[in-house]
Amino acid sequence: MSSLMKAFVMQGIDRVEFADKPIPTPGPNDAIVKTTRALVCTSDVHTVKGAIGDRSGLTLGHEAVGIVAKLGSEVRGFREGDRVAVNAITPCFQCENCQRGYPSQCGEMLGGWKYANIKDGSFAEYFHVNDAKANLTPIPDSISDDTAVYACDMMSTGFMGAEHANIPLGGTVAIFAQGPVGLMATVGARLLGAGLVIGIDGMENRLELSRHFGADVALNFNEVDPVEEIRQLTGGVGVDSAIECLGAQPTFEACIKATRPGATISVAGYFGHGDSVNIPRLEWGVGMSDKVIRTGLCPGGNVRMSRLLRLLETGRVDPSPLTTHSFDFDDVGKALHMMETKEDGMLKPLIRF
């Protein structure tokens, strides 16, 4: 077997290319996975545009499944050849932040986000998994790689948005932006027992999927004022919970404005631009409205992943309608470009290796 593999690499802001890299080797607690499927994320677009600073020689990608190619000497419970899913966030589960209950902030703020941030990602024929016992998850035989890969980020992040929203059983929730994360937040809100789910977006194909995934009402912000519509739908009081799934000032403001006193605003979006985020003062109750703003980063680890895969296995959710396009690995650059432009109704591109 060759010692080199093909990888899709960021060589600076707005510069990407394929490169040959050595196949990684595992440390005693790590694993190497041969990639079979991956997804391109809007976060990859943000990274290439410089949202987390310049990167040179860094392999992109953080949503992938595959086959265990090699295990470190101390890894137990897995075998080479196992089909596995790996979350986008791979904490150590040993540091202070992990033990405090914030593993996504492993070591430091956002420190659980290692792939395509501080280490090579998964847009490669093989990728490295740190702390493999905690971060590898077996894929049940009944779940295809095409479906399982959605547990790695989109399901975990979207469901986190709903979990953090503190939705009362039978309560009301508005989900701003119906991209892949927002659509999974819509599913999550329904699963958690929301009585009224409102999806907001500006693209009709996404609003149609919003209804498919459980929204009772889908609002096009190009046609109506969503905050005003939400107030009318809730008898003038606003929703119990709002979930921000875009990472933009207008949607964040709308979440504050659309919620009632004591509500929770759950932020699942990636704010990739600007130096600050402003809170509308009056709708925030000049700081005294009892509204809670909760943020989070895609929960990882095999306990989380096993639960998500169980939802797939039992048919509670089928994320496959999110896959609007498929590409061979050779065309991942085209997929990344289309993810940026959203042309041809792009929602989520699946990469086959």
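Remember, it's a predicted structure, so these values are computed and weren't measured experimentally. (Residues numbered from 1 in each chain as written. Predicted model: local features only at pLDDT ≥ 70, side-chain atom pairs only at ≥ 80, totals over all residues. Heavy atoms only, no water.)

A short note on the pairing of strand E6 (residues 83-86)
In regular strands, side chains alternate between the two faces of the sheet. Rules: Strands pair, by our definition, only if DSSP identifies at least two bridges between them. Each helix is a run of DSSP H or I of at least 4 residues and each strand a run of E of at least 2, with the numbering of both proceeding from the N terminus.
Alignment of strand E5 (residues 63-71) against E6, held across four bridges, turns out to be antiparallel. The residue of E6 that forms the bridge with Ala 64 is Val 86.

Side note on the sheet that holds strand E4 (residues 58-59)
Taken in spatial order, the three strands line up as E2-E1-E4 in an open sheet, and their pairing is antiparallel. Every other strand in the sheet has two partners, leaving strand E2 (15-22) and E4 as the edge strands with one partner each. Inspection of the sheet shows strand E1 (residues 4-12) paired to E2 by eight bridges, in the antiparallel sense. When the sheet's bridge partners are listed, Phe 8 is paired in E2 with Phe 18.

A look at the packing of aromatic side chains
Heads up, the rule is: Pairing of aromatic rings covers Phe, Tyr and Trp, the last counted by its six-membered ring, and requires centre-to-centre distances within 6.5 Å; plane angles under 30 degrees mean stacked, over 60 mean edge-to-face, and any other angle means tilted. Buried residues are those whose accessible area, probed at 1.4 Å on protein chains only, stays under 20% of the maximum for their type, while exposed residues exceed 50% and partly exposed ones sit between those limits. Charge-over-ring contacts are defined here by two conditions on Lys NZ or Arg CZ: a distance within 6 Å of the ring centre and an angle within 35 degrees of the ring normal.
Taken as a whole and assessed by the stated rule, the structure comprises six aromatic pairs. With a centroid separation of 5.3 Å and 85 degrees between ring planes, the pair formed by Phe 18 and Phe 329 is classed as edge-to-face. A residue pair is termed long-range when its members are at least 10 positions apart, and Phe 18 in strand E2 and Phe 329 in the loop between strand E15 (323-328) and helix H11 (332-341) qualify at 311 residues. You can call Phe 18 partly exposed: its relative accessible area is 31%. Taking 6.3 Å as the distance between ring centres and 85 degrees as the angle between the ring planes, the aromatic pair formed by Phe 252 and Phe 271 counts as edge-to-face. In this pair, Phe 252 is assigned in helix H9 (residues 249-258) and Phe 271 in the loop between strand E13 (259-267) and strand E14 (292-295), connecting sequence segments 19 residues apart. Residue Phe 252 is classed as buried on the basis of its relative accessible area of 5%. Through a chain of ring-to-ring contacts, three or more aromatic side chains come together here, namely Phe 8, Phe 18, Phe 329 and Phe 353. Here the basic side chain of Lys 6 rests over the ring of Phe 18, its NZ or CZ set 5.1 Å away from the ring centre.

Focus: the sheet that holds strand E11 (residues 217-220)
Operational definition: To obtain each axis, a line is fitted to C-alpha atoms, and for helices this fit is confined to the stretch in contact; angles are then taken between N-to-C directions over 0 to 180 degrees. Any pair of residues with heavy atoms lying within 4.5 Å of one another is described as a contacting pair.
Strand order in the open sheet formed by six strands is E11-E10-E9-E12-E13-E14, and the pairing between neighbours is parallel. Each having just a single partner strand, E11 and E14 make up the two edges of the open sheet. When strand polarity is set aside, the average angle formed by the axes of neighbouring strands in this sheet is 20 degrees. Sheet analysis places E13 next to E14, joined by four bridges and oriented parallel. Each residue of the ladder has a partner; that of Ile 265, found in E14, is Ile 293. Sheet strands touched by H9: strand E9 (172-176), strand E12 (239-244), E13 and E14. Its angle to E13, the strand with the most contacts, is close to 150 degrees.

Focus: helix H7 (residues 204-212)
Which entries qualify depends on this criterion: To be clear, the arc concerns the directions from the helix axis to the C-beta atoms.
Taken together, the buried positions of H7 are occupied by Arg 206, Leu 207, Leu 209 and Ser 210. Along the axis of H7, the buried positions cluster into a sector of 160 degrees, meaning they face one direction only. Projecting away from the buried face of H7 at angles above 90 degrees are the exposed residues Glu 208 and His 212. For H7, the secondary structure elements touched by its buried residues are helix H6 (180-191), strand E10 (196-201) and E11. The positive-phi residue at the C-terminal boundary of H7 is Gly 214, with phi of around 125 degrees.

Regarding unusual backbone geometry
Phi is positive for Asp 14, which is not a glycine, with a value near 65 degrees. Looking at the element boundaries, Asp 14 is found in the loop between E1 and E2. Of note in this structure, Asp 344 is not a glycine but carries a positive phi near 60 degrees. Here Asp 344 lies in the loop between H11 and strand E16 (348-352).

A short note on the pairing of E10
What counts, and what does not: Crossover handedness is defined here as right-handed if the route from the first strand over the helix to the second strand goes clockwise, with the strands pointing away from the viewer.
Counting buried positions along E10 yields six of six residues, so the element is predominantly enclosed. Between E9 and its parallel partner E10, the chain crosses via H6, and the hand of that crossover is right-handed. As judged from the four bridges shared by E10 and E11, these two strands associate in the parallel manner. Looking at the pairing, Gly 199 lines up with Ala 218 of E11. Viewed along the sheet, the connection from E10 through H7 into E11 turns out right-handed.

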